[in-house]
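Residue strings, one per chain:
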Amino acid sequence: MVTTSARAVSLSSHSLGTRPADELLRSIEAADEVVLNLNRSFVASVSKILLLAAALSRRERQIRVVLPDGGATDSIRESSKQTLLEPLVLGANSDRTEAFSSSSVGVPEGGYVDRERRLFCVPTELLDRRDRETFRSDLAKWFRAAAIALPPAEFDRVVALGYEANTNSAEHGSTRQVDEGILDSRPVFRCLSARLHDEPGPALPDDANAYVREYSQAFRSRTRWLEMNVVDAGMGLAYPSFLVRARHFRSRCKNVYEAGFEAETGQFAEVLSRRISTKGHWGNVQSTASVTGEGIPSITKNIIRLRGFASIRAGRCAASLSAARVVEPSERTVGIPEYRIQTQERAFFGGTAWQLLLPLDQQISLAL
């Protein structure tokens, strides 16, 4: 249940579990106070809670938690841990009921590891981005800490996916713009999370569920799944390239979100498919290991080689890529991106969020 009063909004456990992410984002967009009424356990994907947490972090507002008499039950605590709601929003004390500022929302300093649930979440700045080898070494430490063991070949693909998405988040998702020429200097919510599932992640969006069904039809053998999310509350995928182009052509409109949804969708689709980049023109360049314009093509190739699924949210746009029916991935099959761009305007999300769902066809048996 979602209830609103003036500029306050109350989200129940039922809302967190059953309402689509877009509905939650719309409900909190203008709210000065958000009340989380955690009255029972719930099931939600990590990707949804990450979107909610990032959106909460974007501006100052009050957050308050309401718990049953006697405090959080074991089932509520379990729900909060599985979805990352506890470390990202509630803090170390899941019985926290006093009002607190949204500025405290984010990954705990030093990152968060839950070995029991094979889950971790780390700020992007804690993963070395100078080159792929240093990133691989850092990421491997977090995987080991969370008891997530992958065969070397599959882990190398995961590293390639994570490196590009994490680098984009660090370089282009690290700043918010208030107005033309005015930057918001406050820290920006940015993180990479991963979780190993025996079954596909809970409460997946419709496009991810469709992918899982397709994969199950094409490959009958049972598989474990790795869910990885890279999320930032920065500009959004289409914003920087639209701004750079607008400046070049001396356009009057430099904000893609003021240009209309069709303009944003066109820019969003172009970034996903045409190898354009703003490296050197926008953002904080921290890595020279990526070839300019090859970040998203690299993500695309590795998703297809892993027969995985990717979805991306940014601004008012969304797209997905499914490789469920790629039987024998090869160089010939990965040359052309096949993102399905949604034509329907989504709830505004000020930032960029990747969700990657990867089947692990080999039995994971490496020693931890």
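Keep in mind that this is a model prediction, so the values were computed, not measured.

Chain-level pLDDT for the protein is 84 on average; 82% of the residues reach the 70-or-more range. Across the protein, strand 6 (residues 112-114) holds the top mean pLDDT of 97, while strand 1 (residues 2-5) sits lowest at 52. A low-confidence stretch, residues 331-337 stays under pLDDT 50, and its non-local contacts, those more than four residues away or across chains, total 10 contacts. Ignoring residues within four places in sequence, the model shows residues 362-368, a span with pLDDT below 50, making 14 contacts including any to other chains.

As a further point, take the environment of Ser47. As for its position among the elements, Ser47 is in helix 3 (residues 46-57). On a C-alpha basis, the gap between Ser47 and Leu356 in space is 9.5 Å, while along the polypeptide they are 309 residues apart. Ignoring any residue separated from it by four or fewer positions in sequence, one finds Ser47 in contact with Glu227, Asn229 and Gln355.

For a regular strand, the rule is simple: side chains alternate between the two faces of the sheet. The buried fraction of strand 11 (residues 224-232) amounts to eight of the nine residues, a majority that puts the element mostly inside the structure. In terms of strand pairing, strand 10 (residues 190-197) meets strand 11 through eight bridges, oriented antiparallel. Of the residues in strand 11, the one forming a bridge with Leu196 is Leu226. Note that strand 11 and strand 15 (residues 349-360) share nine bridges and pair antiparallel.

Criteria and thresholds
Residues numbered from 1 in each chain as written. Predicted model: local features only at pLDDT ≥ 70, side-chain atom pairs only at ≥ 80, totals over all residues. Heavy atoms only, no water. pLDDT = per-residue confidence, 0-100. Helix = DSSP H or I, 4+ residues; strand = E, 2+ residues; numbered from the N terminus. Contact = heavy atoms within 4.5 Å. Buried < 20%, exposed > 50% of the residue type's maximum accessible area, 1.4 Å probe, protein only. Pairing = 2+ DSSP bridges.

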